[in-house]
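Chains, contacts and geometry: an overview
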Amino acid sequence: MRILNASGCLDALVAPEVARQLDAFVTKTVTPLPREGSAPPRIAETAHGMLNAIGLANPGRERFLADHLPRLRELGVPLWVSVGGFCAADYAETCSLLSGVEAIELNLSCPNVDEAADSAAEIVSACHQATELPLYAKLSAAHPDVAEVARAVAAAGADGLSLINTLRGTALDKQLRPVLARGSGGLSGPALKPVALHAVTVCHEATGLPIVGMGGIETGRDALEFAACGARDAALGTVLFADAGAPARVRAELATACADAGVATPDDARGLAKSPETERKVRA
Amino acid sequence: MPDERSAQQRENDRAYMRRALDLARRGWGQTAPNPMVGAVVVRDGQVLGEGFHARYGGAHAEVAALLPGAEVVVDPVLVTELIEPGFDVFACGPEPMLHAVAALCPSAQLAWEAPMACGYGACYGCVVEIDGALERLCLEGPVLDAARVRAGVEAVA
């Protein structure tokens with residue numbers, strides 16, 4: 001089980017010692033044009049998690065390719081580029097310009113911008129034609145049937161899934177006004193874990209695609225639970241804000257967690273989390 | 001105005017400051033991770049209150065100094081009148097106060113605060129407007145020249 005970071009939760013150029021603990025570094029989402037992002041306040045603490053409304057702040061495609069990507073390559077860590085946009089053509093054009101990276105993650109689910117007009121499958125299909133790099137579709141568990149979306153992006157050519165993105169939420173201050181300037185933001189942290197485990201389970205069953213599981217992972221045991229639900233790799237997000245040594249720690253803890261659970265490796269745990277009901281359905 | 005303060009007044013200021021330092025020492029060993037802080041509130045030569053940060057989690061010195069006379073409002077301009085030319089000005093505290101200090105002393109260095117999830121540039125949560133662009137305070141600051149920052153709250157009149 002590889003340990004990655006969740007997109008947007010690490011700046012490898014300012015914290016290379018954190019990025020070097022990872023098996024691959026996932027960039028903050030790159031959009032065609034530069035974005036300054038949302039007005040502050042951008043973050044709020046909540047019970048067992050936090051809200052963020054960063055708003056896809058990024059230098060834009062041109063500067064990312066000319067300036068950031070070459071410097072990221074010098075880190076010696078495999079790179080995944082997170083790609084965002086506002087229509088299928090936006091995504092596809094960025095994909096066509098990328099080379100020499102391990103994979104592309106399509107951010108189809110940022111809670112802090114208006115949704116792209118095109119469907120997830122349309123975007124994946126356009127990108128599939130624009131690049132030969134592996135495409136991971138990052139989906140939201142806010143969709144009523146995330147497994148259906150997973151099936152659609154798999155049919156459109158996705159090579160893997162990143163599950164899950166943050167869920168939209170609101171926190172209020174003492175005067176009952178939203179803490180975040182944007183009003184709402186994406187909920188992350190331990191509060192998300194049960195939602196994420198379920199999304200990984202149903203998408204694994206629906207597609208069998210490789211899955212990067214994320215959402216509230218803080219320990220090796222958490223990561224192993226994602227493996228048991230069907231994830232091949234794990235990504236750390238909010239925990240990086242509290243513990244810059246989390247990737248190395250979680251990797252070390254994974255070995256202990258496997259031993260405690262009686263499995264040799266996280267791969268051997270994959271699928272163990274099937275419920276009795278699912279088992280019955282499979283047999284029938 | 002600074003040059004209107006007499007030698008006697010300046011000597012008094014130093015005495016009040018020594019008193020504040022003595023008060024601060026009473027918190028010795030009890031305030032970590034906070035520093036030891038003492039406060040003496042003076043207006044027109046009259047001591048309105050004294051206090052110190054007695055222990056971590058307890059009232060801060062400035063609050064302690066004003067209790068029980070909590071209705072006393074200290075005009076921030078009085079504080080800045082003490083600034084004599086040739087001194088460097090540093091300030092930390094509530095944002096409206098920092099704006100007041102910035103207005104009175106544009107060369108001041110101010111310690112800004114913003115909600116920070118990570119504190120090392122990872123989360124992009126702590127941006128403030130620095131030199132006209134949203135920048136991460138944890139990387140660019142948190143101590144910045146007063147003239148470089150424009151934050152969300154208007155300065156107090």
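This report concerns the structure included in the present document. Note that the structure is predicted; figures quoted are calculated from it, not measured. (Residues numbered from 1 in each chain as written. Chains lettered and ligands numbered in written order. Predicted model: local features only at pLDDT ≥ 70, side-chain atom pairs only at ≥ 80, totals over all residues. Heavy atoms only, no water.)

1. Observations regarding the nonpolar core
Test applied: In this text, buried Ala, Val, Leu, Ile, Met, Phe, Trp, Tyr and Cys residues form a nonpolar core when linked through side-chain atoms within 4.5 Å. Residue burial is assigned from relative accessible area. The probe radius is 1.4 Å, only protein chains are included, and a residue is buried under 20% of its type maximum, exposed over 50%, and partly exposed in between. In this analysis, two residues are considered to be in contact whenever any of their non-hydrogen atoms come within 4.5 Å of each other.
Grouped together as the largest cluster of nonpolar side chains are 90 residues, with contacts concentrated most on A:Leu10, A:Leu106, A:Leu139 and A:Leu161. For A:Leu10, the residues in contact, after removing those within four places along its chain, are A:Asn5, A:Ala15, A:Val18, A:Ala19, A:Leu22, A:Phe25, A:Leu240, B:Tyr120 and B:Ala122. Ranked by size, the runner-up nonpolar core spans 18 residues in total, among them B:Ala108, B:Cys126, B:Ile130 and B:Cys138.

2. Details of the sheet that holds strand S6 (residues 133-136) of chain B
Residues and elements named next belong to chain B. Note the cut-off: The pairing criterion is simple: DSSP has to find at least two bridges between the two strands. Numbering of helices and strands starts at the N terminus; helices are DSSP runs of H or I of at least 4 residues and strands are runs of E of at least 2.
Ordered in space as S6-S5-S8, the three strands form an open sheet in which the pairing is antiparallel. Each edge of the sheet is formed by a strand with only one pairing partner; in this case those strands are S6 and strand S8 (149-150). Where strand S5 (residues 127-130) lies against S6, four bridges are found, and the strand directions are antiparallel. Looking at S6, one finds that Val127 is bridged to Arg136.

3. Let's talk about the interface of chain B and chain A
By a widespread convention, an interface's size corresponds to the accessible area lost as its parts come together. Quick reminder of the rule: The quantity reported as buried area is the accessible area (1.4 Å probe) lost by two parts once they are put together, taken as the sum for both. Salt bridges are defined by distance alone: a side-chain nitrogen of Lys or Arg within 4 Å of a carboxyl oxygen of Asp or Glu. Nitrogen and oxygen atoms within 3.5 Å of one another constitute a polar contact, given that in protein one can donate a hydrogen and the other can accept it, and given that sequence-neighbouring residues count only through two side-chain atoms. In this count, Pro and Cys sit with the nonpolar residues alongside Ala, Val, Leu, Ile, Met, Phe, Trp and Tyr, while Asp, Glu, Lys and Arg are called charged and the others, Gly among them, polar.
Contacts between chain B and chain A engage 16 residues on the former and 19 residues on the latter. Carbon and sulfur atoms supply 66% of the area buried between chain B and chain A, which totals about 1400 Å² over both sides. Scanning the region where chain B abuts chain A turns up one salt bridge. A salt bridge links B:Arg136 to A:Asp11; its shortest N-O distance comes to 2.9 Å. Where chain B touches chain A, the interface holds five residue pairs in polar contact (both at pLDDT 80 or more). Examining the composition of the side of chain B that touches chain A, we find that three residues originate from one element, S6(B), more than from any other. The residue makeup of the side of chain B that touches chain A, split by class, is twelve nonpolar, three polar and one charged.

4. With respect to the sheet that holds strand S3 (residues 90-92) of chain B
Residues and elements named next belong to chain B. Test applied: Every angle, taken between N-to-C directions, lies between 0 and 180 degrees, and every axis is a line fitted to C-alpha atoms, over only the stretch in contact when it is a helix.
In space, the three strands of this open sheet follow the order S3-S4-S7, with mixed pairing throughout. The open sheet is flanked by S3 and strand S7 (143-145), the only strands paired with a single partner. Pairs of neighbouring strands in the sheet enclose a mean axial angle of 25 degrees, with direction left out of account. The pairing of S3 with strand S4 (residues 109-111) spans three bridges and is parallel. From the neighbouring strand, Phe90 faces S4, where its bridge partner is Gln109. Sheet contacts for helix H4 (residues 95-104): S3 and S4; angle to S3, the most-contacted strand, approximately 160 degrees.

5. A word on helix H1 (residues 7-25) of chain B
Residue and element names in this part refer to chain B. Quick reminder of the rule: Each helix should span, by expectation, one fewer than its residue count multiplied by 1.5 Å. This arc is built from the directions going out from the helix axis to the C-beta atoms.
Taking 1.5 Å as the rise per residue, H1 with 19 residues should run 27 Å; its terminal C-alpha atoms sit 27 Å apart, in good agreement. When H1 is considered as a whole, its buried residues turn out to be Ala20, Leu23 and Ala24. The buried residues of H1 occupy one face: seen down the axis, they fall within an arc of 100 degrees. Across from the buried face of H1, at angles greater than 90 degrees, the exposed residues are Ala7 and Gln8. Buried positions along H1 lie against strand S1 (38-43) and strand S2 (46-52).

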